[in-house]
Amino acid sequence: MLEHNQTAASVHYGLRGRRGAGRLWSSGFGAALAALLLLGGVAQAAEYRNPLEGQPAIRRRLELRKNRFEITPGFMFSFNQDFRQFLGGSLTLHYHITDWLGIAVQGAYGINYDTGLTQRVVDALPDRQRGLQPSKDQFRDHLGDIRYLFSAYISVTPFSGRLAFFNAGSVRYDFYGIAGLGALVLTNRWNANAQRADPNDPTPNCESGDPNRCNPNNDGLKLGLMVGGGAHLYFTQWFGLNFEIRDYITSTNPGGFDVNGDPQRRITAADQTFTNNLFVTVGLSFLVPPRARVSR
């Protein structure tokens, strides 16, 4: 009996040993397989490359502005002048270096007309000078007219897109800002010969303390800054409508008055102050070459 039990125990422990060895072998095989799979995944991840890497954000994008010239004739007018408003035509030549950055030059020429304030002042003035009160003609002779405008600037176009109209059609648009150098060329009606109180007096009476007989010193070239912004509506790849607002910041004396309280009542450059001269332009834009570039 004891011999039988020993034999059974030997068989039992033998089976347990084999099972333990099998489990150990299975565990080792599983660990090796996991390691191989992990190494294979790491190697595959190292070899994997994102197919979108280095590709443009938008493919086949129509670049309406890039490497193109824009020619814009337009209608230009001022709206914040105190005495004489500007009305005329303008021409802008614009080169777009990229789809968002460009350089341009602009020029304008026009006529001037009285504001409501000017007409009210003229109606209240006498026909002839009374003391230091100017006559109608003296007042008008001192007013400055804006005859020419010039600017050279850079443009930045941060926003562009497409507008749809009730599924009936669409137009492309953009919004841009501009900044650079600006200049106004002013004229006036002042004539030294007409200001002499005595025709035999070789000089005007400005030296006697009469500002009405002084040169208003508000004509000539006035340099300054120009800032503004605008928008385009493109109906085709080469034609569109342009809207702009510009501010020419220059030192002027549009009324030609003694505004600084000079004890001698003379009108000099010290009577000029920095002013904001606001203009609106509506124009037609023509792009060259007529076909826009399409990105890859």
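Keep in mind it's a predicted model, so treat the numbers as computed, not measured. (Residues numbered from 1 in each chain as written. Predicted model: local features only at pLDDT ≥ 70, side-chain atom pairs only at ≥ 80, totals over all residues. Heavy atoms only, no water.)

Participant: What exactly am I supposed to notice about the side chain of Gln-106 here?
Facilitator: Checked against the element boundaries, Gln-106 lands in strand β4 (residues 101-114). Side-chain polar atoms of Gln-106 contact the side chain of Ser-151, separated by 2.6 Å. Apart from the residues within four sequence positions on either side, Gln-106 is in contact with Met-76, Ser-90, Leu-91, Thr-92, Leu-149, Phe-150, Ser-151, Tyr-153, Arg-246 and Tyr-248. (Helix = DSSP H or I, 4+ residues; strand = E, 2+ residues; numbered from the N terminus. Polar contact = N/O pair within 3.5 Å; in protein donor to acceptor, adjacent residues only side chain to side chain. Contact = heavy atoms within 4.5 Å.)

Participant: What's the story with the packing of aromatic side chains in this structure? I'm lost.
Facilitator: The description of two aromatic rings rests on the distance between their centres and on the angle between their planes. This structure, assessed with the given rule, holds 14 aromatic pairs. Between Phe-139 and Phe-257, the aromatic rings sit 6.1 Å apart at their centres with planes inclined by 20°, giving stacked as the arrangement. With a gap of 118 residues between them, Phe-139 in helix α3 (residues 136-142) and Phe-257 in the loop between β8 (239-252) and β9 (273-288) connect regions that are remote in the sequence. On the basis of an interplanar angle of 35° and a centroid distance of 6.0 Å, the ring pair of Phe-235 and Phe-239 is categorised as tilted. Here a set of aromatic residues connected by ring pairs shows up, and it is made of Phe-235, Trp-238, Phe-239 and Phe-286. (Phe/Tyr/Trp six-rings, centres within 6.5 Å; stacked < 30°, edge-to-face > 60°.)

Participant: Explain the environment of Asn-212 to me, please; I cannot follow it from the model alone.
Facilitator: Inspection of the secondary structure assignment puts Asn-212 in the loop between β6 (170-187) and β7 (220-234). As for Asn-212 and Phe-139, which are separated by 73 residues in sequence, their C-alpha atoms are 7.7 Å apart. Only 2.9 Å separates the side chain of Asn-212 from the backbone oxygen of Leu-132, close enough to count as a polar contact.

Participant: Just checking my understanding: could you explain the pattern of salt bridges for this structure?
Facilitator: Opposite charge on two side chains permits them to pair, given that their charged atoms come into close proximity. In this structure the tally under the stated criterion is 8 salt bridges. The closest approach of N and O atoms between Asp-145 and Arg-84, which form a salt bridge, is 2.8 Å. Pair noted here: Asp-145 is in strand β5 (residues 145-164) and Arg-84 is in strand β3 (residues 84-96), with a separation of 61 residues, a long-range link. Judged on exposure class, the residue Asp-145 and its partner Arg-84 are both buried. Each of the salt bridges in this network shares a partner with another, and the network as a whole consists of Arg-84, Asp-114, Arg-140, Asp-145 and Arg-147. (Salt bridge = Lys/Arg side-chain N within 4 Å of Asp/Glu carboxyl O. Buried < 20%, exposed > 50% of the residue type's maximum accessible area, 1.4 Å probe, protein only.)

Participant: Explain the sheet that holds β3 to me, please; I cannot follow it from the model alone.
Facilitator: Spatial ordering of the closed barrel is given by β2-β3-β4-β5-β6-β7-β8-β9, a layout of 8 strands whose pairing is antiparallel. Averaged over all neighbouring strand pairs, the angle between strand axes comes to 25°, with direction disregarded. Pairing of β7 with β8, which is carried by 11 bridges, proceeds in the antiparallel orientation. Looking across to β8, one finds that His-232 is bridged to Asn-242. (Pairing = 2+ DSSP bridges. Axes fitted to C-alpha atoms, helices over the stretch in contact; angles between N-to-C directions.)

Participant: Please clarify how the side chain of Asp-210 should be interpreted in this entry.
Facilitator: Here Asp-210 lies in the loop between β6 and β7. For Asp-210, a relative accessible area of 10% corresponds to the buried category. Within polar-contact distance, the side chain of Asp-210 engages the side chain of Gln-129 at 2.8 Å.

Participant: Is there a simple way to explain a nonpolar patch on the surface in this structure?
Facilitator: A contiguous nonpolar patch, built from Phe-69, Ile-71, Leu-91, Leu-93, Val-105, Trp-238, Leu-284, Phe-286 and Val-288 and spanning about 770 Å² of accessible area, is present on the exposed surface. Every element with two or more residues in the nonpolar patch is listed here: β2 (68-78), β3 and β9. Tracing the backbone through its elements, the reader meets Leu-91 in strand β3. (Patch = residues over 30% accessible without salt bridge, like charges linked within 9 Å, V, L, I, M, F, W, Y side chains within 5 Å. Areas by Shrake-Rupley, 256 points an atom, 1.4 Å probe, with all protein chains shown as cover.)

Participant: What am I meant to see in the environment of Gly-177 here?
Facilitator: Here Gly-177 is to be found in strand β6. Judged by its relative accessible area of 27%, Gly-177 is partly exposed. Here the alpha-carbon distance between Gly-177 and Glu-244, two residues 67 residues apart in the chain, equals 9.4 Å. In this structure, Gly-177 is in contact with Ile-154, Ser-155, Val-156, Gly-228 and Gly-229, ignoring residues within four places of it in sequence.

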